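One letter stands for each residue in the lines below.
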There are 2 protein chains.
Amino acid sequence: MPGPALEEVLARYRASTLEEIDRHLPRGEPKRWLYGPLADYPRRVGKGLRATLCLATCCAYGGTEEESIAAAAAIEVAHCAFLVHDDIQDDSAWRRGRPSLHRSEGLPLALNTGDALALLSLELLRGSSARLGQRLGARLLDEFSGALWRTLEGQALELGWRRDGVTDLGPHDYLELVLAKTCWYTTILPLRVGALIGSWGTADPAALVRFGLLLGAAFQITDDVLNLTGAQGSYGKEIGGDLREGKRTLLLIHLLAVAPAHVRDEVRELLAGPRRERTDERLAWLTDQLLEQGSIGFARDFARGTADAAAAAFGDAFGAAPRPEHAQVIRELVDYVVDRAR
Amino acid sequence: MPGPALEEVLARYRASTLEEIDRHLPRGEPKRWLYGPLADYPRRVGKGLRATLCLATCCAYGGTEEESIAAAAAIEVAHCAFLVHDDIQDDSAWRRGRPSLHRSEGLPLALNTGDALALLSLELLRGSSARLGQRLGARLLDEFSGALWRTLEGQALELGWRRDGVTDLGPHDYLELVLAKTCWYTTILPLRVGALIGSWGTADPAALVRFGLLLGAAFQITDDVLNLTGAQGSYGKEIGGDLREGKRTLLLIHLLAVAPAHVRDEVRELLAGPRRERTDERLAWLTDQLLEQGSIGFARDFARGTADAAAAAFGDAFGAAPRPEHAQVIRELVDYVVDRAR
């Protein structure tokens, strides 16, 4: 469990990011169908992981919170846009402890609000990049652009596997997926952007990639485990949603690798079929198999091992930073992402 | 009917825009689930109206096709992104003579491809704005940003009216909707961007707004009529789709204004209800009413009148342009948008 100090730092960074978002929210009509939901969605309380990584890295690399707050806000709002579209794609029912946006507003308006969140993110980013001068500003846009392409590729991979019933997947495929769909925009982008802004473009952001990759993978694998074992109240999404949606998680890939042939065949069939075949009864059976075959324990251990590797890579990521004391919160995040309950 | 000369100019502008898009298409994996559909979608043959407005205006205002081709491509690709998301929102079955993307690829992957088209549009725009220098480049991004907000507002209005069964609408509401959801990005944006690039930022783009608004409205009202009266082969969308989707078009607003009370009540009920209640039989009755009450004729006349007003505003839009001969194709477009069969 994270200490109160870390929770306080996360909450403070979350608050300043929300203030920055608020300052840039367009206000106008139609409020009921666009600007209301647009203003409300970022207020659903997340962990603020991405903003914290960006702001703390900027400070560690010699910059100020003020210099990176717009970029941090842009990242958090892009994340919101992804969440809205992702929940539509998965038909997820819950997000951050409330009904997902397409369940509360209907799919058409939720899709539109997701598009608006993406545009708002771009506005925040443009504001940030304008203040950093032409050269560093353009660099920042390149960073975002690259990370967004990786995210769309990862999303396509995950959705494609599901649509076409692909089940011949190994841990390597899963890690490639997680790198693309999660790590780039969740950890690598905020770290790189923070370092670039903090150092005024002089730091080599490549030094942060390995650490970000490991931290992001530990985060995502823990998320997969929590999706099955968490408590809905604190986790904020529906428990077991991944199984229902047929997501290829590390747990399932482990199960397919170790289960006896007849179980494996049944799992494959269940994953390749349409969602309606994944009934409560079948999912209870699947959960039993994941427990029996040690897949949940395997994923937990894998996340822990990945977090340990991230901890070992921390030095390379921040060794050259002039004010490493600001990165302390990031070091603490390594344990937080695997030990968290939400 | 447009003369062969106009069709040739449109085809030529379409071809150079497609080439520009091709040059900037990212290539990589996953091809099957992302980069394949991304590359293919802009090849569905549209009218190329937006690119033509941008390119011809740039030339009329003293610039070259080369200077504005990236911006024209960015506008066409943004249009593609909107089409993909719009078809999901409306659950439209056909687009440009082929199944809509979510019908061929499934909703989740189509939504993701729409997001990728939006990102591709941004890349094209950034490339364009980088070549125009910092000041004009930033101006261009502002133009896009403003037009995109207006489009999202219009989309929210249309979807909101439908979701909440709003039927107390007059022609004024309809025109406000069309200005937001269609005119800004279909006509006003390409005209303004073309003039800004062609004049190297010296022309006043406000001169083009009135013309663009009238041209765009004539275009959209004609589209509403064609949706009901067109031939599917040439129109490219399913005939009667708007009625099925419950869209508040000028035809329906006219009908609600002139029909006897008992018809009006029935139309209101049909519009406020869910899509499944708009059966073939009910829609045939509705179409009869639109014919009987003269709503189709009214909308056709309204489109013609709007096009005439656009023709009258053409002089103000291009009077100050140094090479007005390049705007001749735009003058011809005024008749084309109301006389077209697709």
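As the structure is a prediction and not an experimental result, all values here were calculated from the model.

In terms of regular secondary structure, chain A is built from 16 helices and two strands. Computed over its C-alpha atoms, the radius of gyration of chain A comes to 20 Å, within 12% of the 20 Å expected for a compact globule of 342 residues. Burial statistics for chain A: of 342 residues in total, 53% are counted as buried. Partitioning the intrachain contacts of chain A with sequence separation of at least 6 by distance along the chain shows that 77% fall at a separation of at least 24.

Opposite the 32 residues of chain A that make contact, chain B presents 32 residues. Elements supplying a minimum of two residues to the side of chain A that touches chain B: helix H2 (31–40), helix H4 (65–90), helix H6 (107–131) and helix H7 (134–163) of chain A. In terms of residue count, the dominant contributor to the side of chain A that touches chain B is H7 of chain A (13 residues). Within the side of chain A that touches chain B, the residues separate by chemical class into 18 nonpolar, eight polar and six charged.

Of all hydrophobic cores here, the largest spans 228 residues; its most connected members are Ala-218 of chain A together with Ala-218 of chain B. Excluding residues that lie within four positions of it along the chain, Ala-218 of chain B makes contacts with Ala-303, Thr-306, Ala-307, Ala-310, Val-337 and Val-338 of chain B.

Before going further, it helps to spend a moment on the packing of H4 of chain A against helix H8 (residues 171–198) of chain A. All names here are of chain A. Remark: H4 packs on H8, axes separated minimally by 10 Å, with the N-to-C direction vectors making an angle of 165°. Our classification of the angle between H4 and H8 gives roughly antiparallel. The chirality of how H4 crosses H8 is right-handed. In contact with Glu-67, Ser-68, Ala-71, Ile-75, Ala-78 and His-79 of H4, H8 contributes Tyr-185, Leu-189, Pro-190, Val-193, Gly-194, Ile-197 and Gly-198. Across the contact of H4 with H8, the residue classes break down as eight nonpolar, four polar and one charged.

Bringing the relation of the copies chain A and chain B into the picture now. For the pair chain A and chain B, the superposition axis carries a translation of 0.0 Å, the fit reaches an RMSD of 0.0 Å, and the rotation angle comes to 180°. Taken together, the rotation and translation describe the operation of a two-fold axis. Closest approach to the rotation axis among the C-alpha atoms of chain A is made by Gln-134 of chain A, whose C-alpha sits 3.7 Å away. The share of interface residues of chain A whose copies in chain B are also at the interface is 100%, consistent with both copies meeting through the same surface.

Let's shift gears to H4 of chain A. Residue and element names in this part refer to chain A. The first and last C-alpha atoms of H4 sit 35 Å apart over 26 residues, in line with the 38 Å expected at 1.5 Å per residue. The element H4 is extensively covered by neighbouring structure, given that 23 of its 26 residues are classed as buried. Among the residues trailing H4, Asp-91 stands out with phi positive, at a value near 45°.

Residue and element names in this part refer to chain A. Along the chain, Glu-29 connects to Pro-30 via a cis peptide bond; the corresponding omega equals 0°. You can see Pro-30 is positioned in the loop between helix H1 (4–24) and H2. In this structure, Asp-91 is a non-glycine residue whose phi angle is positive, near 45°.

This paragraph deals with the packing of H8 of chain A against helix H9 (residues 209–229) of chain A. All names here are of chain A. One way to put it is that H8 packs onto H9 with a least axis distance of 8 Å and a crossing angle of 120°. On the basis of the axis angle, H8 is oblique to H9. When you trace H8 past H9, the crossing you get is right-handed. Along the contact surface, H8 presents Leu-175, Val-178, Leu-179, Thr-182, Cys-183, Thr-186, Thr-187, Ile-188 and Leu-191, while H9 presents Val-209, Gly-212, Leu-213, Leu-215, Gly-216, Ala-217, Phe-219 and Gln-220. Counted by class, the contact of H8 with H9 contains 11 nonpolar, six polar and no charged residues.

Across its 13 residues, helix H14 (residues 280–292) of chain B extends 18 Å between first and last C-alpha, which sits within 8% of the 18 Å expected from 1.5 Å per residue. Just beyond H14 of chain B, the residue with positive phi is Gly-294 of chain B, at close to 75°.

Residue and element names in this part refer to chain A. By the secondary structure assignment, Leu-10 is in helix H1. Given 21 C-beta atoms within a 10 Å radius, Leu-10 is considered buried. In this structure, the C-alpha to C-alpha distance between Leu-10 and Glu-66, residues 56 residues apart in sequence, is 16 Å. Residue contacts for Leu-10: discarding those within four places in its chain leaves Lys-47, Gly-48 and Thr-52.

Another point: the confidence of the model for chain A. Low pLDDT means the predicted atomic positions in that stretch should not be read closely. When pLDDT is averaged across chain A, the result is 94; 99% of the residues are at 70 or more. Interface confidence for the predicted complex, given as ipTM, is 0.96, next to a pTM of 0.96.

On to the environment of His-172 of chain B. Note on placement: His-172 of chain B falls in helix H8 (residues 171–198). A sequence separation of 122 residues divides His-172 of chain B from Arg-50 of chain B, and the C-alpha atoms of the two residues are 25 Å apart.

Cut-offs and rules
- Residues numbered from 1 in each chain as written.
- Chains lettered and ligands numbered in written order.
- Predicted model: local features only at pLDDT ≥ 70, side-chain atom pairs only at ≥ 80, totals over all residues.
- Helix = DSSP H or I, 4+ residues; strand = E, 2+ residues; numbered from the N terminus.
- Rg over C-alpha atoms; globule rule 2.2 N^0.38 Å.
- Buried ≥ 20, exposed ≤ 12 C-beta atoms within 10 Å, placed from the backbone.
- Contact = placed C-beta atoms within 7 Å.
- Nonpolar A, V, L, I, M, F, W, Y, C, P; charged D, E, K, R; others polar.
- Core = buried A, V, L, I, M, F, W, Y, C linked by C-beta atoms within 7 Å.
- Axes fitted to C-alpha atoms, helices over the stretch in contact; angles between N-to-C directions.
- Parallel < 35°, antiparallel > 145°, perpendicular 65-115°, else oblique.
- Left-handed = near helix turned anticlockwise from the far one by under 90°.
- Least-squares fit on C-alpha atoms with pLDDT ≥ 70 in both.
- Expected span 1.5 Å × (residues − 1).
- pLDDT = per-residue confidence, 0-100.

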